Amino acid sequence: MKVILTGSKGGIGSAILNELKQKSIDVVEINSSEIDFSKDFDIHSVPVDGLVYCAGINHVNAYDEIDEQQMIDVMNVNTFGFIRLCKKIQFNEGSNVIAIGSLYSTETKAGRLSYTMSKHAMYGAVKTLALEMAYNKVKVNMVSPGFVDTPLTRKNNTDERIQQLNNSIPLGLTSASEIGKVCVYLMTSNNAITGQNIIVDGGYSLVGV
Ligand SMILES: NC(=O)c1ccc[n+]([C@@H]2O[C@H](COP(=O)([O-])OP(=O)(O)OC[C@H]3O[C@@H](n4cnc5c(N)ncnc54)[C@H](OP(=O)(O)O)[C@@H]3O)[C@@H](O)[C@H]2O)c1
């Protein structure tokens, strides 16, 4: 099985890469040095059995302070890059496509306009692509992490805040490898789930984002 993974050097992407490789899946990594998803691009794709689109960026700003270019970059990297890549990849019959979403694909918070817009739109794209690609038995789903324990999360939060989150999330902070395991399941065993947003957040959304 050959699968394309974007954002494979990131906190979540590297854990997904590790889980896929443990199952002997041949992973073609696409990183920002090869393709910058903030712009249009070209690729020469060999036929593959799946895609995990994990590239993503976030800029936190109130609506009246949003920089136009940053807003466009967030949409390009988080949403249009995913759609553009799907258009350019040759998927074998029965492939699985996974978009890494977020709780911001259905919820929001002040200051998250661009990010929320991009992830809500990504979910819309997932549902539509699921319908349009079903003729070739291609399944398209979104895996939405909650608060994930990555080096960046540790860097951006004090030990006290991490402890607080661990206590307030029913199952504690989600480990990045759990996101990878859900991707492995979808990639290797899924024949009936399509157009869905699978939330992997340790119960975080149950108690309010
Ligand atoms: N961390 C969380 O708690 C959390 C929660 C919910 C959802 N998510 C989602 O999970 C995904 C991965 O997040 P992360 O926490 O692992 O973030 P991260 O460590 O910052 O990784 C982001 C990845 O996106 C790639 N990327 C950024 N800009 C790009 C561009 N212009 N072109 C191509 N690739 C680009 C980066 O590639 P390079 O390394 O090559 O630059 C990097 O590998 C994102 O979609 C994010 O929205 C994360």
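Every value quoted in this text rests on a predicted model; they were computed, and no experiment measured them. (Residues numbered from 1 in each chain as written. Predicted model: local features only at pLDDT ≥ 70, side-chain atom pairs only at ≥ 80, totals over all residues.)

## Looking at the overall build of the protein chain
(1) Moving on: A tally of helices and strands in the protein chain yields 6 helices and 8 strands.
(2) Moving on: Shown N-terminal to C-terminal, the secondary structure of the protein chain runs as helices and strands in the order β-α-β-β-α-β-α-β-β-α-α-β-α-β.
(3) Moving on: What you see for the protein chain is a C-alpha radius of gyration of 17 Å, in line with the 17 Å of a compact globule of 209 residues.
(4) Moving on: Taken over 209 residues, the protein chain has a buried fraction of 37%. (Helix = DSSP H or I, 4+ residues; strand = E, 2+ residues; numbered from the N terminus. Rg over C-alpha atoms; globule rule 2.2 N^0.38 Å. Buried ≥ 20, exposed ≤ 12 C-beta atoms within 10 Å, placed from the backbone.)

## Some thoughts on the site of the ligand
(1) Moving on: Every one of the 25 residues lining the ligand counts as a neighbour, but Gly7, Gly10, Ile12, Asn31 and Gly56 are closest to it.
(2) Moving on: Contributing elements (two or more residues each) for the shell around the ligand: helix H1 (11-22) and helix H4 (151-156).
(3) Moving on: Considering each element in turn, the shell around the ligand owes the most residues, 3 residues, to H1. (Near = placed C-beta within 6 Å.)

## Quick word on the sheet that holds strand E5 (residues 139-145)
(1) Moving on: One open sheet holds the 6 strands; their spatial order is E2-E1-E3-E4-E5-E8, and the pairing between them is parallel. Each edge of the open sheet carries a strand with a single partner, namely strand E2 (26-30) and strand E8 (197-200). Averaged over all adjacent pairs, the angle separating strand axes in this sheet is 20°, with direction ignored.
(2) Moving on: Packed on one face of the sheet, helix H2 (residues 68-88) meets strand E3 (48-53) and strand E4 (91-100) and runs near 170° to E3.
(3) Moving on: Sitting on the sheet, helix H6 (residues 176-189) touches strand E1 (2-6), E3, E4, E5 and E8, and the angle it makes with E5 is about 170°. (Pairing = 2+ DSSP bridges. Axes fitted to C-alpha atoms, helices over the stretch in contact; angles between N-to-C directions. Contact = placed C-beta atoms within 7 Å.)

## Comments concerning the environment of Met75
(1) Moving on: Mapped onto the secondary structure, Met75 falls in helix H2.
(2) Moving on: With 18 C-beta atoms packed within 10 Å, Met75 lands in the partly exposed category.
(3) Moving on: Met75 sits 111 residues away from Leu186 along the chain, and the two C-alpha atoms are 25 Å apart.
(4) Moving on: Apart from residues lying up to four places away in sequence, Met75 is in contact with Phe80 and Ser118.

## Let's talk about helix H3 (residues 113-133)
(1) Moving on: Spanning 21 residues, H3 covers 30 Å between terminal C-alpha atoms, matching the ideal 30 Å at 1.5 Å per step.
(2) Moving on: Inspection of H3 places Leu113, Ser114, Tyr115, Thr116, Ser118, Lys119, Met122, Tyr123, Val126 and Leu129 among the buried residues, and these make up the whole buried set.
(3) Moving on: On its buried side, H3 packs onto H2, E4, E5 and E8. (Expected span 1.5 Å × (residues − 1).)

## Some thoughts on the packing of H2 against H3
(1) Moving on: Interhelical geometry of H2 versus H3 gives an angle of 15° and a closest axis separation of 9 Å. Relative to H3, H2 is oriented roughly parallel. Note on packing geometry: the crossing formed by H2 with H3 is right-handed. Along its contact with H2, which presents Gln70, Met71, Val74, Met75, Asn78, Thr79, Phe82, Ile83 and Cys86, the element H3 presents Ser114, Tyr115, Ser118, Lys119, Ala121, Met122, Ala125 and Leu129. (Parallel < 35°, antiparallel > 145°, perpendicular 65-115°, else oblique. Left-handed = near helix turned anticlockwise from the far one by under 90°.)

Honestly, it's all geometry; don't read function into it.
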